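# A structural walkthrough
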Protein chains: 2
Amino acid sequence: MAAKLTGNACVGQSGGPTVVINQSLVGVVEEARKHKEIRSILGARHGTKGMMIDDFANLNRVSAKRLEAIAATPAAALGSCRHKPTEADCAVILDHLRNNNVRFYFYIGGDDSAKSTHIIAGMAKKARYEMRLVHVPKTIDNNLMESDHAPGFGSAARFVAAAVRGDDFDNKSIPGVKLDVIMGRDAGWLTAATMLAREKEGDGPHLIYLPERPFSIEKFLADVRRVYKKYGRAVICVSEGIRDAGGKLWAKRIAEESQADVKDDAFGHFQLSGTGALADYLTVRIKSGLADLGVSRVRGDTFGYLQRSFPGFASAVDQKEAREVGRAAVRWACQGKSGSVAIKRKAGKAYKPYLALVPLAKVAGKNLEVPGKYICPSFRRYCLPLVGGLPKTADLE
Amino acid sequence: MAAKLTGNACVGQSGGPTVVINQSLVGVVEEARKHKEIRSILGARHGTKGMMIDDFANLNRVSAKRLEAIAATPAAALGSCRHKPTEADCAVILDHLRNNNVRFYFYIGGDDSAKSTHIIAGMAKKARYEMRLVHVPKTIDNNLMESDHAPGFGSAARFVAAAVRGDDFDNKSIPGVKLDVIMGRDAGWLTAATMLAREKEGDGPHLIYLPERPFSIEKFLADVRRVYKKYGRAVICVSEGIRDAGGKLWAKRIAEESQADVKDDAFGHFQLSGTGALADYLTVRIKSGLADLGVSRVRGDTFGYLQRSFPGFASAVDQKEAREVGRAAVRWACQGKSGSVAIKRKAGKAYKPYLALVPLAKVAGKNLEVPGKYICPSFRRYCLPLVGGLPKTADLE
């Protein structure tokens with residue numbers, strides 16, 4: 001490295017927001033203010049979409065008090081996007097970044113955000129434009145390679161585990177079959193986290209289905225039958241991303257069967273959230289499949305956007321870590337480094353996290369699946385510290 | 001009144017549980033222990049269903065510590081039911097109550113629970129069996145006559161208002177049309193409470209639809225169009241109980257159109273919760289109705305059972321009041337009175353609630369609708385103290 005790189009910083013937020021993505025934004029901003037080589041801090045409005053049209057907010061003068069309030073606010077204060085920039089888009093973005101003398105680039109998002117950061121880094125290098133680019137991790141899906149876990153996951157896991165705990169008490173009160181559909185397109189981490197709701201034998205969720213394992217409707221109905229016969233009730237958690245043996249999304253199969261409006265989004269993804277179709281389909285199948293047992297009460301809920309946006313219920317550990325990954329990204333960039341920030345965990349009983357900077361290529365566009373071994377009880381040990389405890393509850397007997 | 005009535009007490013929980021219905025149960029139990037004329041406290045398992053088969057839990061020896069933990073636990077610790085006892089059922093129940101020397105009867109529930117209590121009271125009087133019967137109010141629907149509000153409503157309102165606040169931030173991040181379906185079969189109190197999510201001009205929810213006013217799909221689409229053109233996005237809250245001009249439930253209309261399995265429950269009610277069909281129908285209508293505006297992102301969530309069962313997020317005011325109505329019920333019964341406990345509110349700026357005992361007949365089987373005048377800003381003044389504050393949030397600009 002020659003003379004110390006000096007210039008402006010750009011920060012953006014991308015993909016599905018979380019309740020702690022603003023913690024990372026605030027972490028970047030407050031750390032950037034400490035480094036003299038960073039002159040101005042530009043906030044890209046709606047991520048790469050804003051960068052393409054030169055739409056930046058000036059973050060130099062936002063008060064510390066307001067920053068603190070924003071950090072506690074769900075969703076992306078700068079605006080987010082579902083934009084997957086092409087090579088041509090990235091060239092436009094780099095032009096704008098150069099024109100704004102951006103030398104430090106921080107992009108908060110998931111594996112797709114790591115990918116666009118990686119592309120822009122490659123273009124900058126080719127163009128011999130010196131720049132540090134750091135991807136700041138964020139995703140409730142928890143599917144980032146090289147990471148023990150991702151910021152956003154702990155809070156979403158806390159929400160779904162608490163929700164299923166309450167739902168299980170509700171189901172004990174008025175027994176029946178209850179099915180909850182949980183977010184997670186390609187990885188079942190969040191759905192798996194519902195197991196934290198269980199405290200003792202007989203507690204729900206009694207059945208959990210992840211996208212990583214093929215979902216057979218016949219096997220599913222046999223499972224529900226077995227649980228219902230044993231407990232006189234059943235609480236079931238299903239990932240929105242469950243697939244059949246051929247790897248096809250059940251949500252897509254159902255939409256095609258019902259001739260619904262089937263459309264993929266800008267990422268080439270089929271819409272999973274924001275519809276109750278999967279839960280409704282499965283409850284209908286349970287009603288008819290278990291009719292001989294006289295199961296009359298079958299209900300399905302789709303937890304939907306609340307999982308990633310419900311305020312006032314974040315995991316304190318997750319909030320702290322999300323702030324810290326933003327700060328660390330700036331420190332690494334000011335040390336002349338580019339890459340993706342990853343949270344690692346030290347071996348041992350106590351929860352001891354630490355941060356590492358890993359190559360962008362190792363995270364970009366990749367998906368970390370739930371490994372087989374994580375089916376309880378080790379998953380509980382993995383997940384509980386990230387969630388930071390659940391509200392206390394008790395039975396009469 | 002002759003000599004002081006002495007005997008056992010029976011307490012039961014009924015209908016859709018809430019996160020504070022156990023507060024009322026614990027209120028009854030702890031107060032009953034203070035009154036010597038109450039010998040044993042019997043807890044009816046699953047409400048009148050348990051009473052019909054003599055299924056009672058002994059609540060004499062549950063520790064104060066466990067009672068406190070149960071009070072903080074969502075749903076009905078004794079079990080609840082959706083059972084609407086007939087006259088013949090009530091005769092069976094009265095037999096069991098007499099055999100168990102029950103002289104004090106406390107039933108925690110909504111207007112249907114007041115009704116069964118009223119029927120049993122009438123039968124006991126006719127049979128010259130001396131008994132005090134007090135209905136303890138509970139319902140997230142907030143539709144009890146003679147009451148300013150009902151226990152359970154404040155916490156459910158807090159949950160939905162916070163959820164919509166978070167959802168609105170999410171929608172600001174990635175603009176589009178977001179529709180949330182809220183519980184409330186006959187009364188729109190809970191749906192109206194989502195207006196607490198608004199802090200300033202432009203905040204959602206931008207549109208709110210209650211069951212009390214006929215819902216026209218043409219008017220609805222015109223409303224959404226107007227809002228979307230103004231803000232470039234729209235957050236909409238719709239009660240599950242919306243009806244057409246003829247008074248027919250939209251949920252039922254949609255089910256009939258799609259030839260879905262249309263069945264009424266034991267109360268003669270059509271199933272509204274536990275399905276995403278209404279939200280899915282309305283989002284499809286928005287997509288096609290607003291296609292010319294290029295609205296691509298339309299999402300629907302149905303908040304479902306989380307509204308009444310989510311732990312760790314109750315309103316402190318609601319918790320306190322739910323406990324107090326249970327205690328007051330016992331005190332009135334021990335003073336020789338029967339009736340339904342109602343929460344009233346003193347006129348004036350500060351929130352000052354007080355309790356009253358009103359005739360069972362005035363509450364039994366009746367529905368309190370949201371009056372027209374409660375469309376903001378007076379509804380905010382009504383509702384905010386019951387919710388006990390929302391998590392603090394902030395925008396960048």
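Whatever comes next refers back to the structure up there.
Here's what I pulled together on the structure shown here. These numbers were taken from a predicted model, which means no experiment stands behind them. (Residues numbered from 1 in each chain as written. Chains lettered and ligands numbered in written order. Predicted model: local features only at pLDDT ≥ 70, side-chain atom pairs only at ≥ 80, totals over all residues. Heavy atoms only, no water.)

### Details of the packing of helix α4 (residues 87–99) of chain B against helix α5 (residues 111–126) of chain B
Residue and element names in this part refer to chain B. What counts, and what does not: Axes, fitted as lines to C-alpha atoms, cover a helix only where it is in contact. Angles between the N-to-C directions of the axes lie from 0 to 180 degrees. The secondary structure listing takes helices from DSSP runs of H or I that are at least 4 residues long and strands from runs of E that are at least 2 residues long, numbered from the N terminus. Left-handed describes a crossing in which the near helix is turned anticlockwise from the far one by less than a right angle; the clockwise case is right-handed. For this analysis, residues touch if any pair of their heavy atoms sits within 4.5 Å.
Two numbers describe how α4 lies on α5: the axes approach to 10 Å, and their chain directions differ by 65°. Handedness of the α4/α5 crossing: right-handed. Counted together, E87, C90, A91, I93, L94 and L97 of α4 and S116, I119, I120, M123 and A124 of α5 form the full contact between these two elements.

### Regarding the pairing of strand β2 (residues 38–44) of chain A
All names here are of chain A. Let me state the cut-off plainly: A simple rule labels every residue: compare its accessible area, found with a 1.4 Å probe on the protein chains alone, to the largest value its type can have, and call it buried under 20%, exposed over 50%, or partly exposed in between. Strand pairing is assigned whenever DSSP identifies at least 2 bridges connecting the two strands. Crossover handedness is defined here as right-handed if the route from the first strand over the helix to the second strand goes clockwise, with the strands pointing away from the viewer.
Burial runs high along β2: 6 of the 7 residues are buried. Direction of pairing for strand β1 (residues 7–13) relative to β2: parallel, over a ladder of 4 bridges. Bridging across to β2, A9 finds its partner in I41. Viewed along the sheet, the connection from β1 through helix α1 (residues 21–32) into β2 turns out right-handed. Across 3 bridges, β2 lies against strand β3 (residues 56–58) in antiparallel orientation. Residue G43 lies in a different strand from β3, and its bridge partner there is A57.

### Here we look at the interface of chain A and chain B
Interfaces are frequently sized by the accessible area removed from exposure as the parts join. Keep this limit in mind: Summed over both partners, the accessible area lost on bringing two parts together, with a 1.4 Å probe, is the buried area. Salt bridges are identified by distance alone: a Lys or Arg side-chain nitrogen within 4 Å of an Asp or Glu carboxyl oxygen. In protein, a polar contact requires one atom able to donate a hydrogen and another able to accept it; more generally it is a pair of N or O atoms within 3.5 Å, and residues adjacent in sequence count only if both atoms are side-chain atoms. Under the scheme applied, nonpolar residues are Ala, Val, Leu, Ile, Met, Phe, Trp, Tyr, Cys and Pro; charged residues are Asp, Glu, Lys and Arg; polar residues are all the others, including Gly.
Of the residues lining the interface, 66 residues belong to chain A; the matching set on chain B comes to 65 residues. In total, chain A and chain B occlude about 4900 Å² of area from one another, counting both sides; carbon and sulfur atoms represent 58% of this. Taken together, the links from chain A to chain B amount to 2 salt bridges. Between chain A and chain B we count 27 residue pairs in polar contact (both at pLDDT 80 or more) in total. Those elements that provide at least two residues to the side of chain A that touches chain B are α3 (64–71), α6 (153–173), α10 (277–289), β9 (298–302) and α11 (306–309) of chain A. Its residues assigned to classes, the side of chain A that touches chain B comprises 30 nonpolar, 19 polar and 17 charged.

### Describing the relation of the copies chain A and chain B
Both copies of the chain are placed relative to one another by a rotation about an axis and a shift along it. Our working definition: Superposing copies: least-squares fit, C-alpha atoms only, residues required to have pLDDT of at least 70 in both.
Screw-axis analysis of chain A against chain B gives a translation of 0.0 Å along the axis, an RMSD of 0.0 Å, and a rotation angle of 180°. Such values leave the two copies arranged in the relation of a two-fold axis. Looking at the rotation axis and the C-alpha trace of chain A, the residue lying nearest is G276 of chain A, at 2.1 Å. A shared binding surface is used by both copies, with 98% of the interface residues of chain A retained as interface residues in chain B.

### A word on the sheet that holds strand β6 (residues 177–182) of chain B
Residues and elements named next belong to chain B. With parallel pairing, the 4 strands of this open sheet are ordered in space as β7-β8-β6-β9. Each edge of the open sheet carries a strand with a single partner, namely β7 (207–209) and β9 (298–302). The mean inter-strand angle of the sheet, taken between neighbouring strand axes irrespective of direction, is 15°. Pairing of β6 with β9 involves 5 bridges; the strand directions are parallel. Across the sheet, residue D180 finds its bridge partner in β9, namely D301. The sheet contacts of helix α6 (residues 153–173) involve β6 and β8 (234–239), and relative to β6 the element is tilted by about 170°. Along the sheet, helix α10 (residues 277–289) makes contact with β6, β8 and β9, crossing β9 at roughly 165°.

### Topic: the sheet that holds β1 of chain A
Residues and elements named next belong to chain A. With mixed pairing, the 7 strands of this open sheet are ordered in space as β3-β2-β1-β4-β5-β10-β11. Across the chains shown, the open sheet's two edge strands, defined by having one partner strand only, are β3 and β11 (353–358). Within this sheet the neighbouring strands show an average axis-to-axis angle of 30°, counted without direction. The sheet contact formed by strand β10 (residues 339–345) and β11 spans 6 bridges and is antiparallel. Residue pairing in the sheet places S340 in a bridge with V358 of β11. Its contacts with the sheet place helix α5 (residues 111–126) against β4 (102–109) and β5 (132–137), and it is angled at close to 160° to β4.

### Observations regarding the environment of K248 of chain A
Residue and element names in this part refer to chain A. Within the secondary structure, K248 sits in the loop between β8 (234–239) and α9 (250–257). When neighbours within four sequence positions are excluded, K248 is seen to be in contact with I242, R243, R253 and E256. At a separation of 2.8 Å, a polar atom in the side chain of K248 contacts the side chain of E256.

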